[in-house]
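# Coordinate inspection notes
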Amino acid sequence: PYPTLADVSAEFEPLLHGRTTTTAFIAAYDGRPVGYVQRYFPHLEPDYWGRQELPPGIAGIDLFIGEPGLIGRGFGPVFVRAFLRQVVFADGTVPACLIDPDPANTAAIRAYEKVGF
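Residues numbered from 1 in each chain as written. Predicted model: local features only at pLDDT ≥ 70, side-chain atom pairs only at ≥ 80, totals over all residues. Heavy atoms only, no water.

## Notes on the pairing of strand E1 (residues 23-29)
For clarity, the threshold we go by: Strands are treated as partners if at least two bridges between them are detected by DSSP. For helices the rule is a DSSP run of H or I covering at least 4 residues; for strands it is a run of E covering at least 2, with both sets numbered from the N terminus onward.
Where E1 and strand E2 (residues 32-40) come together, seven bridges link them in antiparallel fashion. Bridging across to E2, Phe 25 finds its partner in Val 37. Turn length for the E1-E2 hairpin, with the two strands adjacent in sequence and antiparallel, is two residues, and the turn residue Asp 30 shows positive phi of about 50°.

Structure, rendered in structure tokens:
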């Protein structure tokens, strides 16, 4: 069951119009788009499953690599490290960051462990 255009629009249109606390980015490599990453603050997200347990200021990230040729080649950890350095921790006010991959996505979990999650 693939999402419909209406499903995608409903989920991502608020990002395009600044109606969410999530900030979205397109990841580029060698000048071409290769993935998507977003930063959010769980304490500001009413539907986030773990927000009750987190103090304000902690960031969360979600991402995917959309270029099949970059999957399983070590790009993920490089991608995540760069995003953490350039965006998440760039202003010095974010004390920590979380990521919550699907427990069945062992490749992603290994990549995140290489970064320090």
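## Concerning the sheet that holds E2
Ordered by their spatial adjacency, four strands build an open sheet running E1-E2-E3-E4, and the pairing between neighbours is mixed. The strands lining the two open edges of the sheet, one partner per strand, are E1 and strand E4 (97-98). Pairing geometry for strand E3 (residues 59-65) and E4, over two bridges, is parallel. Note that in E4 the partner of Ala 59 across the bridge is Cys 97.

## Comments concerning the packing of aromatic side chains
To be explicit about the condition: Centres within 6.5 Å make a pair out of two Phe, Tyr or Trp rings, where for Trp the six-membered ring is used; the pair is then stacked when the planes are under 30 degrees apart, edge-to-face when over 60, and tilted otherwise. The buried label goes to any residue with under 20% of its type's maximum accessible area, the exposed label to any with over 50%, and the partly exposed label to all in between, with areas taken from a 1.4 Å probe on protein chains only.
In the structure shown here, the tally under the stated rule is six aromatic pairs. With a centroid separation of 5.7 Å and 35° between ring planes, the pair formed by Phe 75 and Phe 79 is classed as tilted. Residue Phe 75 and its partner Phe 79 are both found in helix H2 (residues 75-88); the two are separated by four residues, about one turn of the helix. As far as burial versus exposure is concerned, Phe 75 and Phe 79 are alike and both buried.

## As for unusual backbone geometry
Unlike most non-glycine residues, Asp 30 shows phi in positive territory, near 50°. With respect to the helices and strands, the residue Asp 30 is situated in the loop between E1 and E2.

## Observations concerning the confidence of the model for the protein
The condition is simple: On a range of 0 to 100, pLDDT expresses the predictor's confidence in each residue.
Averaged over every residue, the pLDDT of the protein is 90; the share at 70 or more is 97%. Mean pLDDT in the protein bottoms out at helix H1 (residues 5-16), which sits at 88, and peaks at H2, which reaches 95.

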